[in-house]
Amino acid sequence: MTYALDGIRVVELGDSLSVAFAGRLLRGLGAEVTTARQAPVFGSHPAAITLQRYLDSGKRTAPSVDPTDADIWLDSRPIEQIRADRDRSERFQDEGGVHVAVTPFGLDGPWAERKGTGIVASALGGFLHLCGDENGPPLKNGGYILEFQAGLFAVLGALAGVFKSQAGRGGTLVDVSLLESVIAFQERADFAWTHQGRDWRRTRRHEVAHPFTIFPCADGFVSIALGTARHWQHFCVLIDRPEWAEDMDLMLNRHARADEVDAALVPWLAERSVSEVVQRFQEMFIPCGPVLTASQVLADAHLLERRFFRSFVLGGQAFRVPGPPFRSDYAWALDEIEPPVEAAS
């Protein structure tokens, strides 16, 4: 079987989730990936060991590696170690190699040498300022969104570097910053300041549209997203407020008049189950879905039919983890979650 990145060799140095996820994606595309990580580096509890098995599946392990033997060098070591390897990195690039450095704040700038993690970068980048209730303090977001997003950016930079090298234009250094990654995926918060002269504040409501948030139902929560005029017109019919569809001021200013909208919507939702609400909104072509727990996600019929999850056994217990994050007509090399193998010396 052939893969998109057959013949591409990747070496990982460093223990970050970002580099581990980048390596997993490249391995899934068919690259040969060798990591110097020695388990367990993400913790010794079962969830951390499972995470490492997921990230390192299909890779080779070695106590020491020479990244200049590869085509792509994924590097998340402390910045002082990356800088100490500058000469080796430049020689590697001169030979067509792609060196991808993932650090908290980038390889230069006033914050470059400071210590940081995903939550620190999320705070510094303004993301956590927007997380939480408007009457409470900023809250940490769930999961490792930033670390995995930075890993995706690392893959994009690595593949662009490979294309450049294969075109005969030499290697490259790709500088990925957690801080800049979190700013890059935020939703228009910077534009609000530059174009409107205001900082967005924490709120459970969307900054522009309404209803466009999470609401309680009789037995759980749903997400509702009215983004267009047609959504609004269908919504008015659905909740038995047809006169609202003719009220242009309400339609155009429903964010400012959100309390008025909620006064009708919240009691309507409270009388209905999540499944009924989702069905009725979807029948009216309005985006709506349930807020699921992790166990409900793993049992979701849609994901199961698409065979999104991959299963493996660890310590006598069965686990399910995400499969490839995209679909294509070329093969994915990680259909099975296998432990990493020791690289040949």
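Our subject is the structure listed above.
Enquirer: Explain the overall build of the protein to me, using residue names and the numbers behind them.
Expert: Broken down by element type, the protein carries 14 helices and 12 strands. Considered along the principal axes of its C-alpha atoms, the protein spans approximately 75 × 50 × 40 Å. Counting over 345 residues, the protein shows a buried share of 43%. Of the contacts made within the protein by residues no fewer than 6 positions apart, 65% connect residues no fewer than 24 positions apart. Taking the average location of the 34 positive side-chain charges in the protein and that of its 45 negative ones, the two points are 1 Å from each other.

Enquirer: Help me get a handle on helix H4 (residues 86–94), residues and values and all.
Expert: Turning to H4, its buried residues number three or more, namely Ser89, Phe92 and Gln93. Down the axis, H4 shows its buried residues gathered within 95° of arc, on one side only. Facing away from the buried side of H4 by over 90 degrees, the exposed positions are Asp87 and Asp94. Those residues of H4 that are buried are in contact with strand E4 (72–75), strand E5 (98–103) and strand E6 (172–177). Gly96, located one to two residues past H4, shows a positive phi value of around 95°.

Enquirer: Explain a nonpolar patch on the surface to me, and be specific about the residues and the numbers.
Expert: A contiguous nonpolar surface patch, about 260 Å² in accessible area, is contributed by Ile214, Phe221 and Val291. With respect to the element layout, Val291 can be found in the loop between strand E9 (288–290) and helix H13 (294–298).

Enquirer: Tell me about the sheet that holds E9, and name the residues and values.
Expert: Ordered by their spatial adjacency, 3 strands build an open sheet running E7-E8-E9, and the pairing between neighbours is antiparallel. Two strands bound the open sheet, and with one partner strand each, they are strand E7 (212–216) and E9. Between one strand axis and the next, the sheet turns through 20° on average, direction left out of account. In terms of strand pairing, E7 meets strand E8 (residues 221–225) through 5 bridges, oriented antiparallel. Within E8, the residue paired with Phe212 across the bridge is Ala225. Sitting on the sheet, helix H11 (residues 258–270) touches E7 and E8, and the angle it makes with E7 is about 45°. Contacts between helix H12 (residues 274–283) and the sheet are confined to E8 and E9, with E9 contributing the most and set at about 160° to the helix.

Enquirer: Quick one: what's the story with the nonpolar core, residue by residue and with numbers?
Expert: Membership of the largest hydrophobic core comes to 45 residues, with the highest contact counts inside it found for Val10, Leu26, Ile72, Leu74 and Val100. Elements with a contribution of two residues or more to this core: helix H1 (17–28), helix H2 (46–56), E4, E5, helix H6 (145–166), E6, helix H7 (178–184) and strand E11 (317–322). Excluding residues within four positions of it along the chain, Leu26 makes contact with Leu5, Val10, Ala31, Val33, Ile72, Leu74, Val155 and Leu159. Membership of the second largest hydrophobic core comes to 25 residues, among which are Trp232, Leu238, Val261 and Leu265.

Enquirer: Go over the pattern of salt bridges, please, and point to the residues and values.
Expert: All told, the structure shown has 17 salt bridges when counted by the stated rule. Two residues, Arg88 and Asp85, come together in a salt bridge whose shortest N-O distance is 2.7 Å. With a relative accessible area of 24%, Arg88 lands in the partly exposed category. Each of Asp66, Asp75, Arg77, Asp85 and Arg88 takes part in salt bridges that share partners, so that together they form one network.

Enquirer: Describe the environment of Trp73, and please don't skip the residues or the numbers.
Expert: Residue position: Trp73 is located in strand E4. Along the primary structure Trp73 and Val33 are separated by 40 residues, whereas in three dimensions their C-alpha atoms are 9.8 Å apart. With residues up to four places along the chain from it excluded, the contact list for Trp73 reads Val11, Leu13, Pro67, Asp85, Arg88, Ser89, Phe92, Val98, His99 and Val100. Engagement of the side chain of Trp73 in a polar contact is seen with the side chain of Asp75, the distance being 3.4 Å.

Enquirer: Any chance you could break down the packing of aromatic side chains for me, citing the residues and the numbers?
Expert: Across all of its chains, the model carries 11 aromatic pairs by this definition. A ring pair is formed by Phe308 and Phe309, whose centres lie 5.2 Å apart and whose planes are at 70°; its orientation type is edge-to-face. Phe309 sits in the buried class, given a relative accessible area of 14%. Through pairs of rings, three or more aromatic residues link up here, namely Trp232, Phe235, Trp244, Trp268 and Phe281. Seen from the ring of Trp244, Arg241 lies directly overhead, with NZ or CZ sitting 5.8 Å from the centre. Lying across the ring of Phe309, Arg320 places its NZ or CZ 5.7 Å from the centre.

What counts and what doesn't
Residues numbered from 1 in each chain as written. Predicted model: local features only at pLDDT ≥ 70, side-chain atom pairs only at ≥ 80, totals over all residues. Heavy atoms only, no water. Helix = DSSP H or I, 4+ residues; strand = E, 2+ residues; numbered from the N terminus. Buried < 20%, exposed > 50% of the residue type's maximum accessible area, 1.4 Å probe, protein only. Contact = heavy atoms within 4.5 Å. Lys, Arg positive; Asp, Glu negative; His and termini not counted. Charge placed at Lys NZ, Arg CZ, Asp CG, Glu CD. Arc of directions from axis to C-beta. Patch = residues over 30% accessible without salt bridge, like charges linked within 9 Å, V, L, I, M, F, W, Y side chains within 5 Å. Areas by Shrake-Rupley, 256 points an atom, 1.4 Å probe, with all protein chains shown as cover. Salt bridge = Lys/Arg side-chain N within 4 Å of Asp/Glu carboxyl O. Pairing = 2+ DSSP bridges. Axes fitted to C-alpha atoms, helices over the stretch in contact; angles between N-to-C directions. Core = buried A, V, L, I, M, F, W, Y, C linked by side-chain atoms within 4.5 Å. Polar contact = N/O pair within 3.5 Å; in protein donor to acceptor, adjacent residues only side chain to side chain. Phe/Tyr/Trp six-rings, centres within 6.5 Å; stacked < 30°, edge-to-face > 60°. Lys NZ or Arg CZ within 6 Å of the ring centre and 35° of its normal.

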